[in-house]
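# Tertiary structure, described
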Amino acid sequence: MGKSAEIEEVIILGHYSKEDIFRIIEEKDVKFIRLQFTDIFGTLKNVAITTSQAKKALDNECMFDGSSIEGFVRIEESDMYLRPDLDTFTLYPWHSKHGRIARLICDVYKPDGTPFEGDPRYILKKTIRQAEEMGFSFNVGPECEFFLFNTDEYGHPTTETYDTAGYFDLGPSDVGELTRREICLNLEEMDFEIEASHHECATAQHEIDFRYDEAVRSADNIMTFKMVVKSIASFNGLCATFMPKPVYGECGSGMHINMSLFHNGQNCFYDPESSNGLSTIAMQFIAGIMKHVKGICALTNPLVNSYKRLVPGYEAPCYIAWTASNRSALVRVPATRGKGTRVELRNPDPSGNPYLQFAVLLAAGLEGIKEGLTPPPAVSANIYNMSEEDRLAEGIENLPANLKEAVEELKKDELLHEVLGDHVFSKYVEAKEHEWNRFATAVTEWEIKEYLSKF
């Protein structure tokens, strides 16, 4: 096998040593490497280096100023180190005029060599270790929706579109189809397994589903996915947005999260002897999620805008219930049984931080297992069609109505505080309270139209 073939094999396998990476850099004419990490709000950050600095980066010697990243640290404790995860090394499929670009996803460390407690990836890894101590591995599969809009003459984003397609429609009405196809092909070159892609319900809305993976890899994939979607859209003169509800009167974008626990290669949520095919562990996991979901909303639905999606009539859940038969409930168990048995949480949207989302969801589910919790009876009726009295009689509570309510629930939840740690918990709550206060005092276009001439 020749040198080029060896490198191609390494790229496909995705397990790297430093020597592998140095060979690929040379063979593929890589000129820049992006050392990527994620802040607590889910924004992808990076330090770009030339390949002359690759050895320094791979020896964990690249430093950055943590005080300049919102939610990280104060200026007097600002030095942070990036430790690349070698298995995340990948080449961007597109070329720059100066040569190929690669990326490495990094963990954030303090100068004393200990993990930074404010690194979302560390928080997820720490929670996964708790699952491993109980004998479980945690798999996650996201369903990511987004909008493709036109840009104006200056390249600035708009909410305008030439698209006229609906759910599962084809071109020519689906004018985003070519861009969506290009996104899928680029993702496949980056070792994603694309399971499906299609036009969604709303005008200019799309969904691309990729295969589930263990939780850290899946969170990495979400961050990579969003970056690729935005990049390819921009190359095609479009704006891609993961804003949950960019257009009034249309369905918003969700990111349904499918979860399962495995032990020794067996799906712990499956029990062929039970009436619905679900194990006791699955029921306890669901109960744990439902117990903590009000506080979890501050992370799965982290924006003021998120709660404009979670309203009746737009296929997004508003009520805390679970089901194995319809899509109006918060938690749904899809019909697949056996290895594919999974629990689907339907309220999350794609604007948040997947590392923190997966961490709190796993912790809540594990608590349900530890405490032997039992969920309420499954709801088979369409909850949207139930009256408020009927919902109350069934014990079905509402999700938080807005970001303020969600943050108040987060502040009361001791388990979520423990999972996030003092640093992230306090920084996150402070930032979200500030976000709500800025929204509450803003004068909107709706208010101008409603009141200016009337009063």
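Structure's up top.
Figured I'd write up the structure that's included with this text. (Residues numbered from 1 in each chain as written. Predicted model: local features only at pLDDT ≥ 70, side-chain atom pairs only at ≥ 80, totals over all residues. Heavy atoms only, no water.)

Moving on, we get to the overall build of the protein chain. When its secondary structure is counted, the protein chain shows 12 helices and 18 strands. For a compact globule of 455 residues, the expected C-alpha radius of gyration is about 23 Å, and the protein chain comes in at 23 Å, within 12% of that figure. Seen through its C-alpha atoms, the protein chain measures out along the principal axes to roughly 70 × 60 × 50 Å. By sequence separation, contacts in the protein chain at least 24 residues apart represent 69% of the contacts at least 6 residues apart. Put simply, the protein chain shows about 20,900 Å² of open surface, and 49% of that area lies on carbon and sulfur atoms. Computed over 46 positive and 71 negative side-chain charges, the inter-centroid distance for the protein chain is 2 Å. (Helix = DSSP H or I, 4+ residues; strand = E, 2+ residues; numbered from the N terminus. Rg over C-alpha atoms; globule rule 2.2 N^0.38 Å. Contact = heavy atoms within 4.5 Å. Areas by Shrake-Rupley, 256 points an atom, 1.4 Å probe, with all protein chains shown as cover. Lys, Arg positive; Asp, Glu negative; His and termini not counted. Charge placed at Lys NZ, Arg CZ, Asp CG, Glu CD.)

Here the focus is empty space enclosed by the protein. The tally for this structure, following the rule as stated, stands at one cavity of 30 Å³ or more. For the largest cavity, the calculated volume is near 70 Å³. Every residue lining the largest cavity is listed: Q36, F37, T38, L44, I105, C106, D119, R121, M223, T224 and Y355. Breaking the lining of the largest cavity down by element, the ones donating at least two residues are β1 (30-38), β6 (100-109) and α6 (215-235). Per element, the largest residue contribution to the lining of the largest cavity is three residues, and it comes from β1. Of the residues contributing to the lining of the largest cavity, the split by class is six nonpolar, three polar and two charged. (1 Å grid on protein atoms, 1.4 Å probe; cavity = no way out; pocket = protein on both sides within 12 Å on 5 of 7 lines; lining within 4 Å. Points joined across faces, edges and corners; volume = space filled by probe spheres on them. Nonpolar A, V, L, I, M, F, W, Y, C, P; charged D, E, K, R; others polar.)

Here the focus is the pattern of salt bridges. Applying the stated criterion across every chain yields a total of 22 salt bridges. With a shortest N-O distance of 2.9 Å, D20 and R23 are connected by a salt bridge. Taken as a pair, D20 and R23 lie in helix α2 (residues 18-27) at a separation of three residues, close to a single helical turn. Look at D20 and you get buried, because its relative accessible area is 12%. With relative accessibility at 28%, the residue R23 sits in the partly exposed group. Across the pair K55 and D59 runs a salt bridge, and its minimum N-O distance is 2.8 Å. Exposure remark for D59: the relative accessible area of 26% places this residue in the partly exposed category. Each member of the salt-bridge network shares a partner with another, and the members are D85, D107, R121, K125 and D220. (Salt bridge = Lys/Arg side-chain N within 4 Å of Asp/Glu carboxyl O. Buried < 20%, exposed > 50% of the residue type's maximum accessible area, 1.4 Å probe, protein only.)

A word on a nonpolar patch on the surface. Together, V443, I448 and L452 give the surface a local cluster of nonpolar side chains, amounting to about 300 Å² of exposed area. The partly exposed category is assigned to I448, whose relative accessible area is 36%. (Patch = residues over 30% accessible without salt bridge, like charges linked within 9 Å, V, L, I, M, F, W, Y side chains within 5 Å.)

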